[in-house]
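Each chain, written out:
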Amino acid sequence: LRGFTVEETLQGTVVDTLQPGELSTLQDSIRGNYEKFQLSGCDVGEFFTVELRQHCKDGRSIVVESIGHMWRNPKTGKVEIHGSSRGITERKKVEEEQRESRREYAALLSRLPGMAYRCKNWPSSTVVFVSSGCEELTGLTPAEIIGTDKLYPQIVPSPYWKKFAANLFQALEEHKRYEGEYEIK
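Residues numbered from 1 in each chain as written. Predicted model: local features only at pLDDT ≥ 70, side-chain atom pairs only at ≥ 80, totals over all residues. Heavy atoms only, no water.

*Asks:* Pulling in residues and values, what's your account of unusual backbone geometry?
*Replies:* Despite not being glycine, His-175 shows a phi value in the positive range, around 55°. One can find His-175 in the segment after α8 (158-173). According to the relative accessible area criterion, His-175 is exposed, its value standing at 76%. (Helix = DSSP H or I, 4+ residues; strand = E, 2+ residues; numbered from the N terminus. Buried < 20%, exposed > 50% of the residue type's maximum accessible area, 1.4 Å probe, protein only.)

*Asks:* Tell me about the environment of Ser-40, and name the residues and values.
*Replies:* The topology assignment puts Ser-40 in helix α3 (residues 22-40). According to the relative accessible area criterion, Ser-40 is partly exposed, its value standing at 39%. Put simply, Ser-40 and Ala-107 are 67 residues apart on the chain and 47 Å apart in space, counted from C-alpha to C-alpha. In terms of polar contacts, Ser-40 uses its side chain to reach the backbone carbonyl oxygen of Phe-37, at 2.7 Å. (Polar contact = N/O pair within 3.5 Å; in protein donor to acceptor, adjacent residues only side chain to side chain.)

*Asks:* Talk me through the side chain of Asn-73; I want residue IDs and the actual numbers.
*Replies:* Structurally, the position occupied by Asn-73 is in the loop between β2 (61-72) and β3 (79-87). Take Asn-73: its relative accessible area is 13%, and that puts it in the buried class. For Asn-73, the side chain forms a polar contact with the main-chain nitrogen of Lys-75, separated by 2.8 Å. Setting aside chain neighbours within four positions, we find Asn-73 in contact with Lys-78 and Glu-80. (Contact = heavy atoms within 4.5 Å.)

*Asks:* Could you give me a rundown of the environment of Pro-157, with the residues and numbers involved?
*Replies:* Locating Pro-157 in the fold gives a position in the loop between α7 (151-155) and α8. Residue Pro-157 is classed as buried on the basis of its relative accessible area, which comes to 17%. With residues near it in sequence (within four places) discarded, Pro-157 still touches Glu-183, Ile-184 and Lys-185.

*Asks:* Can you break down the layout of surface pockets residue by residue, with the values?
*Replies:* When its volume is computed, the largest pocket comes out at roughly 690 Å³. For the largest pocket, the lining is made up of 29 residues, of which Val-14, Thr-17, Gln-54, Ser-66 and Ser-85 are closest to its centre. Listing elements by their share of the lining of the largest pocket, those giving two or more residues are α1 (6-11), α2 (14-17), α3, β1 (48-55), β2 and β3. For the lining of the largest pocket, the leading source of residues is β3, giving five residues. For the lining of the largest pocket, the residue count by class is 12 nonpolar, 14 polar and three charged. (1 Å grid on protein atoms, 1.4 Å probe; cavity = no way out; pocket = protein on both sides within 12 Å on 5 of 7 lines; lining within 4 Å. Points joined across faces, edges and corners; volume = space filled by probe spheres on them. Nonpolar A, V, L, I, M, F, W, Y, C, P; charged D, E, K, R; others polar.)

*Asks:* Now, about the pairing of β1: what can you tell me, with residues and values included?
*Replies:* Along β1, the buried face is formed by Phe-48, Val-50, Leu-52 and Gln-54; none of Thr-49, Glu-51, Arg-53 and His-55, which line the opposite face, is buried. Where β1 lies against β2, eight bridges are found, and the strand directions are antiparallel. Looking across to β2, one finds that Phe-48 is bridged to Gly-68. Between β1 and β2, which pair antiparallel in sequence order, lie five residues; one of them, Gly-59, sits at a positive phi of approximately 95°. (Pairing = 2+ DSSP bridges.)

*Asks:* Any chance you could break down the packing of aromatic side chains for me, citing the residues and the numbers?
*Replies:* For any two aromatic rings, the description comes down to two numbers: the centre-to-centre distance and the angle of the planes. Applying the stated criterion to the full structure yields two aromatic pairs. Between Tyr-105 and Phe-129, the aromatic rings sit 6.2 Å apart at their centres with planes inclined by 40°, giving tilted as the arrangement. Taken together, the residues Tyr-105 in helix α4 (residues 89-110) and Phe-129 in strand β5 (residues 127-130) connect sequence positions 24 residues apart. Owing to a relative accessible area of 23%, Phe-129 belongs among the partly exposed residues under this scheme. (Phe/Tyr/Trp six-rings, centres within 6.5 Å; stacked < 30°, edge-to-face > 60°.)

Right under this line is the structure:
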């Protein structure tokens, strides 16, 4: 994972592997989990996860997810931590790219005149996304619309909704794109 042999790893301590600032993250995790372990009165604690930046032999820095649990060694009576680690640098990179993509998407939608929205398919028509332009257009905030079926027929009058729905369902059956315009109340 980090390029060190088992022997090289055993010569150092966990602290030696950490990037600056990561020691306090590790200490906080151990402290919090130790308190839970002590309060539980059990000999084996719950699993916990901590993400840390660590040094590699070649000088790179990687993000590691360590999963472990505490247990009381029956022979010594001491509390030990048993666990494993895996590299998650690529996953963290993808997660950051997704966050950036969502920020860009949100910024783009916030500049659209009117509103963009997405609903679940019929019959519920529950709104799962609506852009911020909905408030100016409908008088309702995104929070008031998301998770509801308020768009149809409360905002779109019935004659328009029926025509829109018929055209939309036909486009879906034919696997075609659909655009529609309709009045709102």
